[in-house]
Amino acid sequence: MSTKRVFDFTEGDGEMRSLLGGKGANLAEMTRAGLPVPPGYTITTEACLHYFKRGDLMDDSLKCEIFEAMERLETQKGQRFGGPQNPLLVSVRSGSVTSMPGMMDTILNLGLNDETVQGLADTTGNARFAFDCYRRLIQMFGNVVFGIEHHYFENKLSMLLQKEEVNQEQQLSEEALRQLIEIYKECVIEQAGRPFPQDSRQQLLLAVEAVFKSWHNPRAKYYRKINHISDKQGTAVNIQSMVFGNTGKTSGTGVLFTRNPSTGANELFGEFLYNAQGEDVVAGIRTPLPIAQLEEGMPEVYEQLITAAKQLEQHFKDMQDIEFTVEQGKLYILQTRNGKRNAQAAVRLAVELVHEQVITKNEAIMRIEASHLDQLLHRGLDESKVQNVLAVGLAASPGASTGQLVFDTEQAVEWSKAGKKVILARPETTPEDIQGMLVSEGVFTSRGGLTSHAAVVARGMGRSCVCGCEAVRIDPVNKVMYAGSSVLSEGDWITLDGGTGRIIEGKVPLREAEMSRELEEILRWSDEVRDLRVLANADTPRDAAVARRLGAEGIGLCRTEHMFFSPARLPVVQRMILAESIDERKAALEKILPMQQSDFYELFKSMSGLPVTIRLLDPPLHEFLPNLDELHEQKLYVERQEQLAVLAEEKKALRAERQQISEMIQKVDALQEKNPMLGQRGCRVGIVYPEIYDMQIEAIFKAVSRCLDEGVDVIPELMIPLVGDVTELKVMRELVDRVALQVLGKEKIRYCPYKVGTMIEVPRAALTAKRIAAHADFFSFGTNDLTQMTFGYSRDDAEHKFLAHYLDHKILQHNPFQVLDTEGVGQLIELAVASGRSVKPRIKTGICGEHGGDLKSIFYCHEIGLDYVSCSPYRIPLARIAAAQAAIHYQKEKDITAAV
Ligand code: PEP
Ligand code: MG
């Protein structure tokens, strides 16, 4: 551990993020750059971790360093901390290494007590202001340090407002504020059982400890969990001399983004509140003014602010989110950080920064948060169906959403678990609402601006959001909202348009998204650098068309069974399965063949010039049959009808029906399996009933033949699922070759060489890949099954049963069905790839499980040198960018190693 644990802003720099936290490093960097930053100092993350290690105990040497730094600050400011005249006041804020906006605690105005408040009143000549600061401190300190919930203070404040017959706290007289201070002090004693400390040094130490501890508060933990931030980083603490935005009309505070964080447009975007402190903007209690209005009110300050904003953006080479305060006409920059943005803004910004020659193409690609990309394919509204627009608020986060109205997080979570789509409506949101926001389709608030909590968090999560919609009154207690003459209650359908701010009554149909010009451009850049090919899992011509539009380079997995489920086809498929003789089965298969053939033909056509990998039937056959319980119920019902029937004719018909159902029950029962996932499925079906695969292969090659006749550039690949032993593949391959010859003939085969490959989904296949490779043109790792069989977890049960518990208790770091388990499953994949290549160096390898669309898993596939990933159509842009990021990341690593 480095010995120095407290750094003045003048001592650090932007490179020291892991020690000073993001905020501390940026404050130091801004101080160096000569920006008007109020002086202060940072207590390091190492100090925080050391504090945890000592069982939440601060050692004397750290206390000493903190007080020495305070003395230096006193000298710099010409003020004394705790001094009765012209007292030095400070803010105490957390500052984690990875930005966690609003997740941890902040205390402002620290250093005030019964004595110094008078000193502040004297120096500023504004007693009302001094008392206002003091009462804010008591509340914040009470909340952060002693854990007293805000509503205790707010109730007292409401009572006083009533007594004083005023509506807002700004209207309270100086005398009333004095009373409020006494009331708040009593409130602290009542709730915490101890007084608000008058000793400012004691205040400081308690505040620092509370900020350290806020690292462990539930909302911070939850934020880290959903954003995959390590729990082990700890937080730095920034102690900064206070400047005041609430000293009157020439003061104020605001937030400025150097670009529009919703769209990425190169325009200033921000808000300002006259006569206010920072928390007023973020809390969304008062709705602030657009930043442009500052130009009218304080033109010089506005000029300075614009200059500083440009300087900061150039310096940090990224959009900045700047907090500033104006104290009696003088501008101070309190904080800058890379601004949170939604995916749309991130892409536009990255592309424009390349055009402005601020960053390189590769840097732009690395800046895209791949996991947010699916938001980009934002949905909009079917405008022709928009009828009753209830109100228009601020367009805080784009995308349209529709769902049933809920007024609190609990209801949102409960209903979403039950499969309902919900829209969360709150007067304003707080970090406690984060879970509710996460499970909602969209969020709207009646208060707060574009930088309020709701707006920032919704953008980060990619939820559509409308905020500051003051025309709507939301009553969360009675679970109703009023908009003009409309009254809506919990459960009513509502639609939001986060792109325009509209709140619309009812369920408006949504329209699928289009790709922006900027996204197309960054995807093209990604294609230039990536090594992995990106294919699609697509089962229908419609999916294939979407996949191709989004940049798929072919189909890596067509699950043919999905073609069997339409109402027109299922009865024929059922006849095929329940057939009692081979002739009966063949008759049914003959009916299915033309259907399959036309599916394949359409698929080949939509992917002309690109490979299409078709997997032969995979699931257990009983999945296509009626549900056994339902059949029993049906039988009971018919039995009862039969008993009640009076007419002989009717009785006879019902008896026949009952017998039919009984036979069906017997057949379905015979096909039931204890462990269907490990039973009669995959190539086992093809081996036991070769006529089924025979029909599918014939359909494929007939479609190929037609394509060839019509000049469609067809590249067929046939894939055998669930192979565990080489003989299974050998036998199936012989079948494919035989049928291909029958249907296509030698000439066409020469013209259109097809590939036959296997899925590697069973650990034994991976272990014996060397032998299997001799009969396979490609290996497609079915990582869903391979995960299931390697862990011994049933895919159908794990997620509903124990996996959530495992993840909560950190038994596993990730859900292995989402993020590929590189340690175990990965070992099998690497072994199979190496042994496959040892006999067939050019054997094609890729994955087609869910992991093919997951960022981390894609990085891994690149790392181990697979040829492709295959994922669902809407994940394709993500996969293209992730593959490029992986290529850039590993190239950088190689360059570093080479340099060393
Ligand atoms: C797999 O197992 O990874 C796979 C793609 O097949 P399915 O999910 O259809 O079993
Ligand atoms: Mg599988």
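Model, not experiment: these values are computed from the prediction. Along each chain, numbering runs from 1 in the same order as the chain's sequence is written. The lettering of chains begins at A and the numbering of ligands begins at 1, in the order of writing. For this predicted model, a pLDDT threshold of at least 70 governs which residues receive local features, and a threshold of 80 or more governs which side-chain atom pairs are given and counted, while totals over whole chains, interfaces and linings are taken from all residues. As a convention, hydrogens and water are excluded, and side-chain values are obtained from all of the structure's heavy atoms.

Asks: Explanation requested: the overall build of the chain in the structure shown.
Replies: Helix and strand content of the chain: 34 helices and 33 strands. Taking the principal axes of the C-alpha coordinates as reference, the chain spans close to 105 × 85 × 50 Å. The buried label goes to any residue with under 20% of its type's maximum accessible area, the exposed label to any with over 50%, and the partly exposed label to all in between, with areas taken from a 1.4 Å probe on protein chains only. Taken over 900 residues, the chain has a buried fraction of 56%. Here a residue-residue contact requires only that any non-hydrogen atoms of the pair lie within 4.5 Å. The long-range share in the chain, meaning contacts at least 24 apart out of those at least 6 apart in sequence, stands at 68%. Surface exposure here means Shrake-Rupley accessible area, sampled with a 1.4 Å probe, where a residue is shielded only by the protein chains that are shown. Approximately 38800 Å² of the chain is accessible, and the part contributed by carbon and sulfur atoms is 49%. Across the chain, the mean location of the 102 positive side-chain charges is 4 Å away from that of the 123 negative side-chain charges. Only DSSP runs of H or I reaching four residues or more are called helices, and only runs of E reaching two or more are called strands; each is numbered from the N terminus. The charge count treats Lys and Arg as positive and Asp and Glu as negative. His and the chain ends do not count. For charged residues, the charge sits on one atom: NZ in Lys, CZ in Arg, CG in Asp, CD in Glu.

Asks: Is there a simple way to explain the sheet that holds strand E11 (residues 320-327) in this structure?
Replies: Pairing between sheet strands relies on hydrogen bonds along the backbone, with the strands arranged either parallel or antiparallel. The strand order E10-E9-E8-E11-E12 describes an open sheet built from five strands, whose pairing is antiparallel. Two strands close off the open sheet at either side, each with one partner strand: strand E10 (289-290) and strand E12 (330-338). At least two DSSP bridges between two strands are required for those strands to pair. In this sheet, strand E9 (residues 269-274) lies alongside strand E8 (residues 252-257) in antiparallel orientation, the contact comprising six bridges. By the bridge assignment for E9, Thr253 is matched with Leu273.

Asks: What am I meant to see in the side chain of Glu761 here?
Replies: Counting through the fold element by element, Glu761 comes out in the loop between strand E30 (755-760) and helix H27 (763-767). Salt bridges are defined by distance alone: a side-chain nitrogen of Lys or Arg within 4 Å of a carboxyl oxygen of Asp or Glu. Arg615 provides the closest opposite charge to the buried, unpaired Glu761, separated from it by 4.5 Å. N or O atoms closer than or at 3.5 Å make up a polar contact, with two conditions inside protein: a donor-capable atom paired with an acceptor-capable one, and, for residues adjacent in sequence, both atoms drawn from side chains. Of note is the side chain of Glu761, whose polar atom sits 2.8 Å from the backbone nitrogen of Leu722. Those residues within four positions of Glu761 in sequence are excluded, and the remaining contacts are Arg615, Pro721, Leu722, Gly782, Asp785, Leu786 and Met789.

Asks: Is there a simple way to think about the site of ligand 1 in this case?
Replies: Definition of nearness: a residue and a molecule or strand are near each other if at least one heavy atom of the residue lies within 4 Å of the molecule or strand. Near ligand 1 there are 14 residues, and of these Arg559, Gly782, Asn784, Asp785 and Arg795 occur at the shortest range. Between ligand 1 and Arg615 there is a distance of 2.9 Å, counted from an oxygen atom to a side-chain nitrogen or oxygen. The contact in question runs from an oxygen atom of ligand 1 to an N or O atom on the backbone of Gly782, over 3.3 Å. Isolated, ligand 1 exposes 290 Å² of accessible area, and the fraction of that covered by the protein chains is 95%. Put simply, the parts of the chain that give the shell around ligand 1 at least two residues each are strand E27 (555-559) and helix H29 (783-791). For the shell around ligand 1, the element with the most residues is H29, which contributes three residues. Residues lining the shell around ligand 1 come from more than one domain, with at least three contributed by each of domain 4 (530-620 + 681-756) and domain 6 (761-863). Where each domain begins and ends is defined by an automated method or by a domain database.

Asks: What exactly am I supposed to notice about the sheet that holds strand E15 (residues 394-397) here?
Replies: Read across the open sheet, the eight strands follow the order E14-E24-E23-E16-E17-E18-E19-E15; overall the sheet is mixed. Strands at the two margins of the open sheet, each flanked by one partner only, are strand E14 (389-392) and E15. For this sheet, the mean inter-axis angle between neighbouring strands, taken without regard to orientation, is 30 degrees. Across three bridges, the pairing between E15 and strand E19 (residues 464-467) is antiparallel. Each residue of the ladder has a partner; that of Ser397, found in E19, is Cys465. Only the stretch in contact is used when a helix axis is fitted, and all axes are lines through C-alpha atoms; the angle between N-to-C directions ranges over 0 to 180 degrees.

Asks: Which parts of the structure should I look at to understand the coordination of the magnesium ion (ligand 2)?
Replies: Because water is not among the atoms used, a metal site may look incomplete, as its donors are only the N, O and S atoms within 2.8 Å, or 3.2 Å for Na, K and Ca. Looking at the magnesium ion (ligand 2), the protein donor atoms are Glu761 (OE) and Asp785 (OD), and they sit 2.0 Å from it. In this pair, Glu761 sits in the loop between E30 and H27 while Asp785 sits in helix H29, placing the two residues 24 residues apart along the sequence. Assigned by exposure class, Glu761 and Asp785 land together as buried.

Asks: Explain the nonpolar core to me, please; I cannot follow it from the model alone.
Replies: Within soluble globular proteins, side chains that are nonpolar tend to cluster in buried spots. Formed by 218 residues in total, the largest nonpolar core has its most connected members in Leu204, Phe212 and Ile522. Those residues in contact with Ile522 that lie beyond four places of it in its chain are Val347, Ala350, Val351, Ala364, Ile365, Ile368 and Ile881. Within this scheme, the nonpolar core is defined by two criteria: the residues are buried Ala, Val, Leu, Ile, Met, Phe, Trp, Tyr or Cys, and they are joined through side-chain atoms within 4.5 Å. Membership of the second largest hydrophobic core comes to 23 residues, among which are Phe9, Leu256, Tyr302 and Val326.

Asks: What exactly am I supposed to notice about the environment of Ala121 here?
Replies: As for its placement among the helices and strands, Ala121 is situated in helix H4 (residues 116-124). On a C-alpha basis, the gap between Ala121 and Glu470 in space is 36 Å, while along the polypeptide they are 349 residues apart. Those residues in contact with Ala121 that lie beyond four places of it in its chain are Asn126, Ala127 and Ala130.

Asks: Honestly, a nonpolar patch on the surface in this entry has me stumped. Any pointers?
Replies: Residues form patches when they are more than 30% accessible in relative terms and have no salt bridge. Like charges link within 9 Å. Nonpolar side chains (Val, Leu, Ile, Met, Phe, Trp, Tyr) link within 5 Å. On the surface, Ile687, Val688 and Val731 cluster together into a nonpolar patch covering about 220 Å² of accessible area. Within the secondary structure layout, Ile687 lies in helix H24 (residues 683-688). Ile687 sits in the partly exposed class, given a relative accessible area of 35%.

Asks: What am I meant to see in helix H23 (residues 648-671) here?
Replies: For an α-helix, 3.6 residues make a turn, and residues three or four places apart therefore share a direction. Take the residue count of a helix, subtract one, and multiply by 1.5 Å to get its expected span. Helix length check: H23 (24 residues) gives 35 Å between terminal C-alpha atoms against 34 Å at 1.5 Å per residue, within 8%. Every buried residue of H23 is listed here: Leu654, Ile661, Ile665 and Val668. Residues of H23 that are buried in the fold lie against helix H22 (628-644).

Asks: What is the right way to look at the domain arrangement of the chain in this model?
Replies: Frequently, the measure chosen for interface size is the accessible area removed from exposure when the parts meet. Once the domains are mapped, the chain shows domain 1 (6-241), domain 2 (252-341), domain 3 (378-511), domain 4 (530-620 + 681-756), domain 5 (628-672) and domain 6 (761-863). Taking the mean C-alpha position of each, domain 1 and domain 3 sit 33 Å from one another.

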